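Coordinate inspection notes
Residues per chain are reported as follows:
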Amino acid sequence: MYQHEGEDVFVIDGHVHWWDASKENIKHEGGEQFIRCFYDYHTGFTPDEREWSLEEYRKYDADRMLQDMFGSGHTDMGIFQPTYLNEFYKEGFNTIDRCAELGDEHPSRFVVNGRFDPREGEAGLRELERQKEEYDVKGVKLYTAEWRGDSKGWRLDSDEAFEYLEKCADLGIRNIHAHKGPTIRPLNRDAFDVADVDAAATSFPELNFIVEHVGLPRLDDFCWIAAQEPNVYGGLAVAAPFAETRPRKFGEIMGELLYWLGEDRILYGSDYALWEPEWLVEAMMEAELTPEQREEYGVELDLETKRKIMGENAARLYDIDIERQKEILQDDGISERFDLADQYGEEATAD
Amino acid sequence: MSRHQRQPIDAGTVRDRLRRVTDPELDRSIVELDYVDELRIDDESVEVEFTLPTAWCSPAFAWMMAVDARDVLETHPAVSEATIRLHDHMHEAEINEGVNDRLAFEDVFDEADGDVEETRRTLDEKARLARQYRAVDALLEAGLKPEQIVRLTLEDVDVETDSGTSRDEDEDRAVVRVDDALSICVEAEPIRRYVEKATALDVVSASTDALFATPAGDPIPADEFETVHKRGRLAGTNMSGQGHVCENLGEARIGGPSAADD
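Please read all numbers here as calculations on a predicted model, not as lab measurements.

Focus: the overall build of chain B
A count of helical and extended segments in chain B gives 9 helices and 8 strands. The buried share of chain B, reckoned over its 262 residues, is 50%. Long-range pairs, those at least 24 residues apart, make up 64% of the contacts in chain B between residues at least 6 apart in sequence. Entry remark: accessible area of chain B is about 12,600 Å², with carbon and sulfur atoms responsible for 44%.

Structural data, given as structure tokens:
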């Protein structure tokens, strides 16, 4: 557990991956371009001395991930967000079955989310049922820009997507994480569109829509939609590293998010292995608004707010009782391996 | 078309012209962003080479910048032909050929759905809103009240709007007529930048049109002033935030192994 000025902060990383972009797994040049694109994001926002080599970055083993997340990374729990990219990678990039290998070994540490693609029709619906049954998923990650045959993407407000969202509601899969990021190919339809989230959120008030990367480069459209739709949340992956590289700009973005969404609807995420939690959590916890920003936005980024962003908000969405969870984590395999039990113990009484 | 004997255009003038071309997503000049690598002038022909921060920057945005650079140079009387060369982009061949041969975006990228001009309009409207925030902020700082600001019309402000010409310092203030009795003097730059974008988009055209507008382009009801103003701030935060992403990706590209071992 992270300690901030003597106080505990329970960290749930809302966005982690266990991917395989090894050369052996790539079947289309898009797969190579994709991991290189990720790698540019990695090097662009990582302190020089913490950068991985491209070879390390292509595929990392379970030990490294556990060490980076829990050994040195100040993280208590992580939520796996699958990204399939079956057209690019033979076995997929970051599938639920791969993530669940690690999740099953450390069920107290990982939440495993599923995914769907409405272009898969009836078979996709059956697959969603399987994910619920086998892994009891409480959320799905959606990658609307994913290729499939001739199609270069899909929309969350299509009839087909609604059928899947209906299915999620039936199965009790409440958390819909939609990736909204830059477009690689000339599909200018989705180049600035977070509008499909709006229609879906209105139609499914029982579901929570977490827009990953807070819609950047469409933060403005995202915030405006989130201001009207109480079930829309912002995932901080990609925005979080600003805390390290450009703290003032990070303050502005947090100012906007706190102004339009409020402190209960923002979720921290490292996007691991895009960025490592160790320096990222530290940067997030050290981040402050300038006095001018506090005045301009009329919001605070204080310890209570950070606690919500770093873990409490995700805990609420995923039915995690943090106090109860600390008891479980205290003597799980990870605490044993990294000698963390003390962190989760009873707080020492000062007498 | 008959041509008079002229001095060939110089590199400084070409740069000044290119300053008017913006990255549509960031609303900042491609010169300021350092996208322009090289200029070649051969009598009435000008060639511009440019590179974007990543090889996968939106082809639609790359297209717009290339077209704008071409047009802004070809409208100069001393230029008869401008050629634009984009480098190190996934779609540089299509973009260079398309732009220099004056093809339509939709014909070059037949998988694109939606119109590049519509995309441009959406981004321009965001840029207008962000510029409006800065202009309105300058007026608030000068002591104007929201109800006075929403009543201003185009004829109430006096600024030169040709960004290509240099100005002396005396002109760096704009006069804003609040009503018959009161005029104030404010920093000209934010007002000028706003008026340029708003008139280019026809959000404001007649002299009696309301100067400032909602995101939809309508006059601002006084009770919506605050929300509209905050949305302008948000549009600006988005652009400068994305600017930081582009800048970091650009640095990663120049320094990183992905560029070296390609």
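Some words on the overall build of chain A
Looking only at helices and strands, chain A features 15 helices and 10 strands. Taking 20 Å as the expected radius of gyration for a compact globule of 351 residues, we find that chain A reaches 19 Å, a close match to that expectation. C-alpha atoms of chain A, sized along the principal axes, occupy 65 × 45 × 40 Å. The proportion of buried residues among the 351 residues of chain A is 64%. Across chain A, the fraction of contacts at a sequence separation of at least 24, relative to all contacts at a separation of at least 6, is 78%. Total accessible area on chain A is roughly 13,300 Å²; 44% of this is exposed by carbon and sulfur atoms. Counting 38 positive and 79 negative side-chain charges, chain A places the centres of these two groups 6 Å from one another.

Topic: the interface of chain A and chain B
How big an interface is tends to be reported as the loss of accessible area on association of its parts. Tallying the contact residues gives 37 residues for chain A and 40 residues for chain B. Taking both partners together, chain A and chain B bury about 3,700 Å²; carbon and sulfur atoms supply 58% of that area. At the junction of chain A and chain B, the tally comes to 5 salt bridges. As a salt-bridge pair, Glu-296 of chain A and Arg-233 of chain B come within 2.9 Å of each other at their nearest N and O atoms. Inspection of the region where chain A meets chain B yields 15 residue pairs in polar contact (both at pLDDT 80 or more). Residue assignment for the side of chain A that touches chain B shows that the elements contributing at least two residues are helix H1 (29–45), helix H8 (219–228), helix H9 (242–245), helix H10 (247–260) and helix H12 (291–297) of chain A. Looking at the side of chain A that touches chain B, the element that brings in the most residues is H1 of chain A, giving 9 residues.

Considerations on helix H5 (residues 116–141) of chain B
A rise of 1.5 Å per residue sets the reference length of H5 of chain B, with its 26 residues, at 38 Å; its end C-alpha atoms lie 38 Å apart and thus fit the reference within 8%. Positive backbone phi, approximately 105°, marks Gly-143 of chain B, located one or two places after H5 of chain B.

A look at the packing of helix H11 (residues 277–286) of chain A against helix H13 (residues 303–317) of chain A
Residues and elements named next belong to chain A. Interaxial distance between H11 and H13 falls to 10 Å at its minimum, and their mutual angle equals 145°. Of the residues in H13, those touching H11 at Val-281, Met-284, Met-285 and Glu-286 are Leu-303, Lys-306, Ile-309 and Met-310. Here the contact of H11 with H13 is built from residues that sort into 6 nonpolar, no polar and 2 charged.

Looking at the environment of Val-108 of chain B
Note on placement: Val-108 of chain B falls in helix H4 (residues 105–108). Once the C-alpha coordinates of Val-108 of chain B and Met-65 of chain B are considered, the two residues, 43 residues apart in sequence, prove to be 16 Å apart.

Considerations on the packing of helix H2 (residues 59–74) of chain B against helix H3 (residues 92–100) of chain B
Residues and elements named next belong to chain B. Where H2 contacts H3, the axes come no closer than 10 Å and their chain directions differ by 35°. Every pair of crossing elements has a handedness; the one defined by H2 and H3 is right-handed. In this structure, H2 uses Pro-59, Ala-62, Trp-63, Ala-66, Val-67 and Arg-70 to contact H3, whose residues at the interface are Glu-94, Ile-95, Gly-98 and Val-99. Classifying every residue of the contact of H2 with H3 by side-chain character gives 7 nonpolar, 1 polar and 2 charged.

Considering the sheet that holds strand S8 (residues 208–212) of chain A
What holds strands together in a sheet is hydrogen bonding between their backbones, with the strands either parallel or antiparallel. An order of S6-S7-S8-S9-S10 (chain A) is seen for the 5 strands of this open sheet, with the pairing classed as parallel. Since the sheet does not close on itself, it has two edges, and those belong to strand S6 (139–142) and strand S10 (266–267) of chain A, each with one partner.

Overview of the side chain of Asp-68 of chain A
Along the chain, Asp-68 of chain A turns up in helix H3 (residues 62–71). Filtering out sequence-adjacent residues up to four positions away, Asp-68 of chain A remains in contact with Trp-52, Gly-73, Tyr-272, Glu-276 and Pro-277 of chain A.

Things to note about the packing of aromatic side chains
Residue and element names in this part refer to chain A. Applying the stated rule across the entire model yields 26 aromatic pairs over all chains. Between Trp-19 and Phe-93 the ring centres are 5.3 Å apart and the planes differ by 20°, which places this aromatic pair in the stacked class. Separated by 74 residues along the polypeptide, Trp-19 in the loop between strand S3 (12–16) and H1 and Phe-93 in the loop between strand S4 (77–80) and helix H4 (96–105) bring together distant segments of the chain. Judged by relative accessible area, which is 0%, Trp-19 ranks as buried. Aromatic side chains Phe-162 and Phe-204 sit 5.2 Å apart centroid to centroid with 80° between the ring planes, which places their arrangement in the edge-to-face category. Of the two residues, Phe-162 is situated in helix H6 (residues 159–171) and Phe-204 in the loop between helix H7 (195–203) and S8; the sequence distance between them amounts to 42 residues.

Overview of the pattern of salt bridges
For the structure on display, the rule yields 55 salt bridges over all chains. In this structure, Glu-300 of chain A engages Arg-294 of chain A in a salt bridge whose closest nitrogen and oxygen atoms are separated by 4.0 Å. Residue Arg-294 of chain A is classed as partly exposed on the basis of its relative accessible area, which comes to 34%. Measuring nitrogen to oxygen at the nearest pair gives 3.9 Å for the salt bridge that ties Glu-47 of chain B to Arg-85 of chain B. Linking Glu-47 of chain B in strand S4 (residues 45–51) with Arg-85 of chain B in strand S5 (residues 81–87), this pair joins segments that are 38 residues apart in sequence. You can call Arg-85 of chain B partly exposed: its relative accessible area is 33%. A single network of salt bridges, built from pairs that share partners, joins Glu-38, Arg-40, Glu-47, Glu-49 and Arg-85 of chain B.

Concerning helix H5 (residues 121–135) of chain A
Residue and element names in this part refer to chain A. Look at H5: 21 Å from first C-alpha to last across 15 residues, which is about the 21 Å you get at 1.5 Å a residue. Among the residues making up H5, those that are buried are Gly-124, Leu-125, Leu-128, Gln-131, Lys-132 and Tyr-135. Take H5 and look down its axis: the buried residues cluster within an arc of 130°, on one side only. Facing away from the buried surface of H5 by more than 90 degrees, the exposed residues are Ala-123 and Glu-133. Contact partners of the buried residues in H5: H4, S6 and H6. Of the residues trailing H5, Asp-136 is marked for its positive phi of about 50°.

Observations concerning the sheet that holds strand S7 (residues 173–177) of chain B
Residues and elements named next belong to chain B. Strand order in the open sheet formed by 3 strands is S6-S7-S8, with antiparallel pairing between adjacent strands. Both edges of this open sheet fall to strand S6 (157–158) and strand S8 (183–187), since each of them pairs with a single strand only. As defined by bridge partners, S7 adjoins S8 across 5 bridges and the pair is classed as antiparallel. Opposite Arg-173, over in S8, you have Glu-187 as the bridge partner. Helix H7 (residues 188–200) rests against S6, S7 and S8 of the sheet, and its axis sits at about 90° to S8.

Calculation notes
- Residues numbered from 1 in each chain as written.
- Chains lettered and ligands numbered in written order.
- Predicted model: local features only at pLDDT ≥ 70, side-chain atom pairs only at ≥ 80, totals over all residues.
- Heavy atoms only, no water.
- Helix = DSSP H or I, 4+ residues; strand = E, 2+ residues; numbered from the N terminus.
- Buried < 20%, exposed > 50% of the residue type's maximum accessible area, 1.4 Å probe, protein only.
- Contact = heavy atoms within 4.5 Å.
- Areas by Shrake-Rupley, 256 points an atom, 1.4 Å probe, with all protein chains shown as cover.
- Rg over C-alpha atoms; globule rule 2.2 N^0.38 Å.
- Lys, Arg positive; Asp, Glu negative; His and termini not counted.
- Charge placed at Lys NZ, Arg CZ, Asp CG, Glu CD.
- Buried area = accessible area lost by both parts, 1.4 Å probe.
- Salt bridge = Lys/Arg side-chain N within 4 Å of Asp/Glu carboxyl O.
- Polar contact = N/O pair within 3.5 Å; in protein donor to acceptor, adjacent residues only side chain to side chain.
- Expected span 1.5 Å × (residues − 1).
- Axes fitted to C-alpha atoms, helices over the stretch in contact; angles between N-to-C directions.
- Nonpolar A, V, L, I, M, F, W, Y, C, P; charged D, E, K, R; others polar.
- Left-handed = near helix turned anticlockwise from the far one by under 90°.
- Pairing = 2+ DSSP bridges.
- Phe/Tyr/Trp six-rings, centres within 6.5 Å; stacked < 30°, edge-to-face > 60°.
- Arc of directions from axis to C-beta.

Read these as geometric descriptors, not functional statements.
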